[in-house]
Amino acid sequence: MNIIIEALQGGLGGLASYLAAHVLLCLVPAFFIAGALSALVPQQSIIRFLGPDASKWVSYPAAAGAGSLLAVCSCTIQPLFAGIYKKGAGLGPAITFLFFAPAANILALSYTGVALGADFAIARIVLALSFGIGIGMIMAIIFRRGEEARLAQSEAFSAGEGISRKALVFLLALVALLIAGTLKLDFLKAVLFSIELPIHGAAGLQSLLDILVPVDEAVGAEGLSVQGLFLIALLALIGAAAWRGLGQVDNGFNRLTPVALGLTALTLVVAALGVRVSETGLLLTVSVRTAAVAALCAVLVPLARRFDPWDVQQWLWETWRFVKQIFPLLVVGVFLVGVIRIFIRPEWIQAVAGSNTVLANLAGVVFGVFMYFPTLVEVPIAKMFLSLGMHPGPLIAYLMADPELSLQSILITSAIIGKLKAWTYVGFVALFSTLAGLTYGAWVDGTSLWLLAMLVGGFVALLLGALHLVDRSSRARTV
Amino acid sequence: MLIKILGSGCAKCNRLEQLTREVLTEQGLNATFEHVTAMDEIMAYPIMTTPALVVDEVVKVSGRIPSKDEIAVWLKA
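It should be emphasised that the depicted structure is a prediction, and the values quoted were computed from it without experimental measurement.

> When you look at the overall build of chain B in this model, what are you seeing that I'm missing?
When helices and strands are tallied, chain B shows three helices and four strands. Its helices and strands taken in sequence order, chain B reads β-α-β-α-β-β-α from the N to the C terminus. For chain B, the C-alpha radius of gyration of 11 Å lies close to 11 Å, the compact-globule estimate for 77 residues. Along the three orthogonal principal directions, the C-alpha set of chain B runs to about 35 × 20 × 15 Å. Put simply, chain B has 77 residues, and 35% of those count as buried. Partitioning the intrachain contacts of chain B with sequence separation of at least 6 by distance along the chain shows that 67% fall at a separation of at least 24.

> Mind showing me how you'd approach the sheet that holds strand β4 (residues 58-62) of chain B here?
Within a beta sheet, neighbouring strands are joined by backbone hydrogen bonds and run either parallel or antiparallel to one another. Residue and element names in this part refer to chain B. Pairing is mixed across the open sheet formed by four strands, whose spatial order is β2-β1-β3-β4. Looking at which strands have only one partner, the edges of the open sheet turn out to be β2 (32-36) and β4. Within this sheet the neighbouring strands show an average axis-to-axis angle of 20 degrees, counted without direction. Looking at chain direction, strand β1 (residues 2-6) and strand β3 (residues 52-55) are connected through four bridges and run antiparallel. Pairing of K4 across the sheet is with V54, part of β3. Where helix α1 (residues 11-27) meets the sheet, it contacts β1, β2 and β3, and its direction lies at approximately 160 degrees from that of β1.

> Looking at this structure, I do not really get the pairing of β1(B). What am I missing?
Regular strands show a simple pattern: their side chains alternate between the two faces of the sheet. Residue and element names in this part refer to chain B. When you tally the buried positions in β1, you get four out of five residues, the bulk of the element. As defined by bridge partners, β1 adjoins β2 across five bridges and the pair is classed as parallel. Along β2, the bridge assignment pairs I3 with F33. As for the winding sense of the linkage, the β-α-β connection from β1 through α1 to β2 is right-handed.

> Honestly, the environment of A:A351 in this entry has me stumped. Any pointers?
Structurally, the position occupied by A:A351 is in helix α15 (residues 346-353). C-alpha of A:A351 to C-alpha of A:M390: the two residues are 39 residues apart in sequence and 9.1 Å apart in space.

> In this structure, what is going on with helix α13 (residues 288-305) of chain A? I would like to understand it.
Since there are 3.6 residues in each turn of an α-helix, residues three or four apart along the chain are aligned in direction. Residue and element names in this part refer to chain A. With 18 residues, α13 should reach 26 Å at 1.5 Å per residue; the first-to-last C-alpha distance of 27 Å fits that figure. Residues of α13 that are buried: R289, T290, V293, L296 and C297. Along the axis of α13, the buried residues cluster in a sector spanning 130 degrees; they form a single face. In α13, the exposed positions angled more than 90 degrees off the buried face are occupied by A298, P302 and R305. Looking at the packing, one finds that the buried side of α13 touches α8 (165-182), α9 (186-189), α12 (256-271) and β3 (282-287).

> I tried to follow the interface of chain A and chain B on my own but got confused; where do I start?
Buried accessible area, meaning the area lost when the parts come together, often serves as the stated size of an interface. Each side of the interface is counted separately: chain A has 17 residues, and chain B has 15 residues. Put simply, the parts of the chain that give the side of chain A that touches chain B at least two residues each are α4 (74-86) and α14 (309-343) of chain A. Top contributing element to the side of chain A that touches chain B by residue count: α4(A), with eight residues. Among the residues forming the side of chain A that touches chain B, the class breakdown is eight nonpolar, six polar and three charged.

> What is the right way to look at the pairing of β3(A) in this model?
Residues and elements named next belong to chain A. Pairing of strand β1 (residues 191-197) with β3, which is carried by six bridges, proceeds in the antiparallel orientation. When the bridges of β3 are listed, E196 appears paired with L283. Of the strand pairs in this sheet, strand β2 (residues 274-277) and β3 are connected by four bridges, and their pairing is antiparallel. Note on β3: the bridge partner recorded for V275 is L284.

> Hey, could you run me through the confidence of the model for chain A in this one?
Residues shown with low pLDDT carry predicted positions that ought not to be read at fine detail. Per-residue confidence for chain A gives a mean pLDDT of 83; residues scoring 70 or more make up 92%. Summarising per-element confidence for chain A, the mean pLDDT is lowest in helix α21 (residues 449-478) of chain A (76) and highest in α13(A) (92).

> Looking at this structure, how should I read the domain arrangement of chain A?
All names here are of chain A. Once the domains are mapped, chain A shows domain 1 (42-162 + 344-478) and domain 2 (167-340). Centre-to-centre separation of domain 1 and domain 2, based on C-alpha positions: 32 Å. Each partner contributes residues to the interface: domain 1 has 13 residues there, and domain 2 has 11 residues. At four residues, helix α17 (residues 378-387) tops the list of elements feeding residues into the side of domain 1 that touches domain 2. When the residues that make up the side of domain 1 that touches domain 2 are grouped by side-chain class, the tally is nine nonpolar, four polar and no charged.

> Sorry, what's going on with the confidence of the model for chain B here?
Residues and elements named next belong to chain B. Residue-level pLDDT values for chain B average 87, and 100% of them are 70 or greater. For chain B, per-element mean pLDDT is lowest for helix α2 (residues 39-43), which scores 83, and highest for β3, which scores 92. At the level of chain-chain contacts, confidence expressed as ipTM amounts to 0.80, with global pTM at 0.85.

> I'm lost on unusual backbone geometry in this one. Help?
Excluding glycine, most residues fall at negative phi; most peptide bonds, likewise, are trans. All names here are of chain B. With an omega dihedral of 0 degrees, the bond running from T50 to P51 counts as a cis peptide bond. Along the chain, P51 falls in the loop between α2 and β3. For E57, which is not a glycine, the phi torsion comes out positive at approximately 65 degrees. In this fold, E57 is placed in the loop between β3 and β4. E57 gets classed as exposed once you count the C-beta atoms within 10 Å, which come to 8.

> Can you walk me through the packing of α17(A) against helix α18 (residues 392-404) of chain A in this structure?
The packing of two helices is summarised by the inter-axis angle and the distance between the axes. Residue and element names in this part refer to chain A. Relative to each other, α17 and α18 sit at 160 degrees, their axes nearing to 11 Å. The orientation of α17 with respect to α18, classified from their angle, is roughly antiparallel. The handedness of the crossing between α17 and α18 is right-handed. In contact with E378, A382, F385 and L386 of α17, α18 contributes L395, Y398, L399, D402 and P403. For the contact of α17 with α18, the class distribution of residues is seven nonpolar, no polar and two charged.

Conventions used here
- Residues numbered from 1 in each chain as written.
- Chains lettered and ligands numbered in written order.
- Predicted model: local features only at pLDDT ≥ 70, side-chain atom pairs only at ≥ 80, totals over all residues.
- Helix = DSSP H or I, 4+ residues; strand = E, 2+ residues; numbered from the N terminus.
- Rg over C-alpha atoms; globule rule 2.2 N^0.38 Å.
- Buried ≥ 20, exposed ≤ 12 C-beta atoms within 10 Å, placed from the backbone.
- Contact = placed C-beta atoms within 7 Å.
- Pairing = 2+ DSSP bridges.
- Axes fitted to C-alpha atoms, helices over the stretch in contact; angles between N-to-C directions.
- Right-handed = clockwise from strand over helix to strand, strands pointing away.
- Expected span 1.5 Å × (residues − 1).
- Arc of directions from axis to C-beta.
- Nonpolar A, V, L, I, M, F, W, Y, C, P; charged D, E, K, R; others polar.
- pLDDT = per-residue confidence, 0-100.
- Domains from an automatic or database assignment.
- Parallel < 35°, antiparallel > 145°, perpendicular 65-115°, else oblique.
- Left-handed = near helix turned anticlockwise from the far one by under 90°.

Structure below.
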């Protein structure tokens, strides 16, 4: 009986501290950015660089760009992948796109940065970019001969309209909001002024919360503050207002639309506020971060007014659609991670993946391939592993392999590019994820960056060279 | 008039179909509807992104949801 209560408490505690701490300043702006990318950026502005005549120097980076900018929605990944492969730049860039998209879209990246730390987010994007392009090029060389028979449809890659200046400014303001809210910089922490609110129940409420959601540094349980409780209440209010206010905004703005947006801005500002419980009440601290978040929220209003009402409605509708699609899965996922957390002994994790060995990295990859978690749930799971003592190297190996490889994505890929190519791709992803983990782990353990860059570069060059030779000799034989 | 909605059945595709049907009723037009979900058939059109609206085999829009006014212009032409 006791263990069930403990497990439920673990789940709820994880969920409470997750809702109060991690989501707000990173995921809320990230959802709005994802909505804006989906609604305001004309997809043709990137797709035109992926035509059949594009040079390698343009098509591979453009495929990566499409992965991080356009592919926030599964609606786009499948047709874009099929399109790039069948009519456009070909197998290589299509593979780069497929590999890069789940690791480098704005939601995954900002959430990784806040939950696991900026170094993990940077490692994820750098390793995914270099290995994504590497795997794409290798696949293009291996399957070079099957490449000629493709549809020639250059009209699909016509120039179309680019990103408008107002959309760009708007996106930059949203990104600035995300950065101001999340980045751990000293000047953002500088205190402007603080006020004390004489709320006498505060201290009592906090001690009650400490009993309900205990803080335990050793197992990574963060507890719940009074501020967190207030934020969760605000989130519930936003949910209630946004159901109609944002969910039906495509039929025209309604009365609840400004309510939902106002509550969202308020939530962000409160989350950026420093709140401490003192003996006589609540001590509120306004830092540069608080001021910056508030100012950026205010700036967004006139910037949004420059768009057609239809575009703004599309933006809000898309944003809410992302929230509806991803958020419930995340909540369930975080709860379950909190429950499972109770049953896993740190010694198990440390025995399997406590140090940066080839075997440990392989274990991370295998776990990633056989477990399928919905979008973004890989992040709280990684956080759990980290707090249980997993080495950062195997953790990166897992983070690379999990979103890239799941049974579902393997089936979709093999339907489009064929079984042989799909399984070759799977093999390379497994190989390179292990390599990525080893590299990152070695860097964390203190190996110099230059040595590692040389080793990885040498390995990839060796692989490319070998493939090139094999290709040449097999071609010479057929001639 | 033959109207095709191209898309794998995602939320945006259904939204596009709904909007197009509303415009048809408002304008008092008649049309045959087809929702194409097979990736091979979708890829036969010169598009890279879904949802897409095809009127009498001509692609009118892809990758975004057009406003009702835009749809009305395409359907009446």
